[in-house]
Amino acid sequence: MEIMASAPGKTILFGEHAVVYGEPAIAGAVNKRATIRLRESPSDVSIFKSDDLGFEAELDTVAKRYTLKKGKPGIIKYILEILSQYHDHSPLEIDLSLDIPIGSGLGSSAAVTVSTLAALFKYQGKKFDRISIAKKAHEIESNVQGMASPLDTRVSTFGGLIYLSRDKKIAKFNTDLKTSFVIGYTSKRGNTGRMVKYVKSLKQRNPKIVNLILRAIGNITDEAKLAIAHNEEYKLGELMNINQGLLDSIGVNTNELSRMVYLARKAGASGSKITGAGGGGSIIASCPRNQDRVFKALNYYDNAIKVNFSKKGVFVN
Ligand code: PMV
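Engineer: Summarise the site of the ligand; cite the residues concerned and give the values.
Structural biologist: Neighbouring the ligand are Lys10, Ile12, Glu16, His17, Val19, Val20, Gly105, Ser149, Thr192, Val196, Gly276 and Ala277. Lys10 has a polar side-chain atom sitting 2.8 Å from an oxygen atom of the ligand. At a separation of 3.4 Å, an oxygen atom of the ligand approaches a polar backbone atom of Gly105. In the complex, 80% of the free accessible area of the ligand, which totals 380 Å², lies under the protein chains. Under a 2 Å grid-point criterion requiring more than half of the atoms, the pocket assigned to the ligand is the largest pocket. Of all the secondary structure elements, the ones that give two or more residues to the shell around the ligand are strand 1 (3-14) and helix 5 (192-205). Taken together, the residues of the shell around the ligand sort by class into five nonpolar, five polar and two charged. Taken domain by domain, the shell around the ligand gets at least three of its residues from each of domain 1 (3-172 + 312-316) and domain 2 (180-307).

This is the structure we're talking about:
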């Protein structure tokens, strides 16, 4: 019996960094996914492989160790953590297809974790619901990374575009955001922990100024919520540009990110900004028109993918 499960990546549209200090944020699932195919192993060891990532590993789920046969380790730790916690160690073969770039702030590890848990529980004939998948996936991410925001696993499990309010309540948007987007990313990974620490220290040194900036980012997010509800695509772009200026002012921008932000605008994006922690990682450009042009412009020097927000969370076949 082969089980297939698939879960989406995510992107933050507004509110990164400010959300750490209680401001609201808007994030959503995108139409780029992790797909897991899980079956009994043809040999007496568990195998985890991915043609997309060019790797293959043998897993020792009892000792929580792996032997790499090909490629780089990357995402294996998440799979090992899942199998050692939730499986009886009978040998499995797990195949991963991934169209989300790793380490670009698009939630690849959350998508892999969520889809693997769903595939495994279905394989075991266990009953499960989305709430328990989101909770367990967050625990797995926290164990592997030491710390994890529940946003990635939550968005990957449930799908859709969400607004996280100041009192930490999550609301789904009723309207579909029809705008297309382009994500641009360099090979330089962002380091979320380091960037969050940097903003904290900047805030400690300049509390009066940085508090106002974080509050302003929160206000932008609230305006964006209205713009999305009324489908005001150009307003949304303008708000992204203002947000970018504020992210720059708190020190999370880099040369590469800035170059992509301006290239996207020049190619016709209505707005562009860093998405996620910054310091590397990705930018997002909103493209009510000109998606192809923006994609080509970003893909020329760096890497780009075309994305749309998607209502589709995790599903199993
Ligand atoms: O780059 P990402 O996807 O890890 O996003 C980080 C977002 C921050 O607001 C900077 C941190 C957080 O935990 O919310």
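Engineer: Kindly report on the nonpolar core, identifying the contributing residues and their values.
Structural biologist: Soluble globular proteins tend to bury their nonpolar side chains together. Counting 86 residues, the largest nonpolar core has Leu13, Phe14, Ile26, Phe48, Phe181 and Val294 as the members making the most contacts within it. Top contributing element to this core by residue count: helix 2 (residues 108-123), with nine residues. In this structure, this core is formed jointly by two domains, domain 1 (3-172 + 312-316) and domain 2 (180-307), each of which donates at least three residues. Beyond its immediate chain neighbours, meaning those up to four positions away, Phe14 contacts Ala25, Ile26, Ile220, Thr221, Ala224, Leu236, Leu239, Met240, Asn243 and Lys273. Formed by seven residues, the second largest nonpolar core is a distinct cluster that contains Ile12, Ala27, Val155 and Ile162.

Engineer: I'd love a proper account of the environment of Gly279, names of residues and values included.
Structural biologist: Relative to the assigned elements, Gly279 resides in the loop between strand 10 (271-275) and strand 11 (282-287). Exposure remark for Gly279: the relative accessible area of 12% places this residue in the buried category. For Gly279 and Val294, which are 15 residues apart along the polypeptide, the C-alpha to C-alpha distance reads 22 Å. In contact with Gly279, other than residues within four places in its own chain, are Lys188, Arg189, Gly190, Met195, Val252, Thr254 and Leu257.

Engineer: If you had to explain the sheet that holds strand 10 to someone new, which residues and values would you point to?
Structural biologist: Taking strand neighbours across the sheet as the criterion, the four strands line up as 10-11-9-12 in an open arrangement whose pairing is antiparallel. Edge positions in the open sheet fall to strand 10 and strand 12 (303-307), since each of these has one partner strand only. The sheet shows a mean angle of 25 degrees between the axes of neighbouring strands, direction not considered. Two elements, strand 9 (residues 180-185) and strand 12, share five bridges in a ladder whose sense is antiparallel.

Engineer: Can you break down the domain arrangement of the protein chain residue by residue, with the values?
Structural biologist: Domain annotation for the protein chain reports domain 1 (3-172 + 312-316) and domain 2 (180-307). Taking only C-alpha atoms, the centre of domain 1 and the centre of domain 2 are 25 Å apart. Taken together, the contact between domain 1 and domain 2 spans 25 residues of the former and 39 residues of the latter. Carbon and sulfur atoms make up 68% of the area that domain 1 and domain 2 hide from each other, which totals about 2,500 Å². Taken as a group, Phe14, His17 and Tyr21 account for 28% of the area that domain 1 buries against domain 2, more than any other trio of residues on that side. At the boundary of domain 1 with domain 2, the tally comes to three salt bridges. Here Arg215 ties to Glu23 by a salt bridge, and the two come within 3.1 Å at their closest N and O atoms. Where domain 1 meets domain 2, there are 10 residue pairs in polar contact (both at pLDDT 80 or more). Within the residue set of the side of domain 1 that touches domain 2, elements represented by two or more residues are strand 1, strand 2 (25-40) and strand 7 (161-164). At five residues, strand 2 tops the list of elements feeding residues into the side of domain 1 that touches domain 2. Along the lines of polarity and charge, the residues of the side of domain 1 that touches domain 2 split into 15 nonpolar, six polar and four charged.

Engineer: Explain the pairing of strand 7 to me, using residue names and the numbers behind them.
Structural biologist: Residues Leu161 and Tyr163 point to one face of strand 7 and Ile162 and Leu164 to the other, with burial holding for every one of them. Bridge count between strand 2 and strand 7: four bridges; the pairing is antiparallel. When the sheet's bridge partners are listed, Ile26 is paired in strand 7 with Tyr163. By the bridge criterion, three bridges tie strand 7 to strand 8 (residues 170-172) in an arrangement that is antiparallel. What sits directly across from Leu164, in strand 8, is Ile170.

Calculation criteria
- Residues numbered from 1 in each chain as written.
- Predicted model: local features only at pLDDT ≥ 70, side-chain atom pairs only at ≥ 80, totals over all residues.
- Heavy atoms only, no water.
- Near = heavy atom within 4 Å.
- Polar contact = N/O pair within 3.5 Å; in protein donor to acceptor, adjacent residues only side chain to side chain.
- Areas by Shrake-Rupley, 256 points an atom, 1.4 Å probe, with all protein chains shown as cover.
- 1 Å grid on protein atoms, 1.4 Å probe; cavity = no way out; pocket = protein on both sides within 12 Å on 5 of 7 lines; lining within 4 Å.
- Sits in = over half its atoms within 2 Å of the grid points.
- Helix = DSSP H or I, 4+ residues; strand = E, 2+ residues; numbered from the N terminus.
- Nonpolar A, V, L, I, M, F, W, Y, C, P; charged D, E, K, R; others polar.
- Domains from an automatic or database assignment.
- Core = buried A, V, L, I, M, F, W, Y, C linked by side-chain atoms within 4.5 Å.
- Buried < 20%, exposed > 50% of the residue type's maximum accessible area, 1.4 Å probe, protein only.
- Contact = heavy atoms within 4.5 Å.
- Pairing = 2+ DSSP bridges.
- Axes fitted to C-alpha atoms, helices over the stretch in contact; angles between N-to-C directions.
- Buried area = accessible area lost by both parts, 1.4 Å probe.
- Salt bridge = Lys/Arg side-chain N within 4 Å of Asp/Glu carboxyl O.

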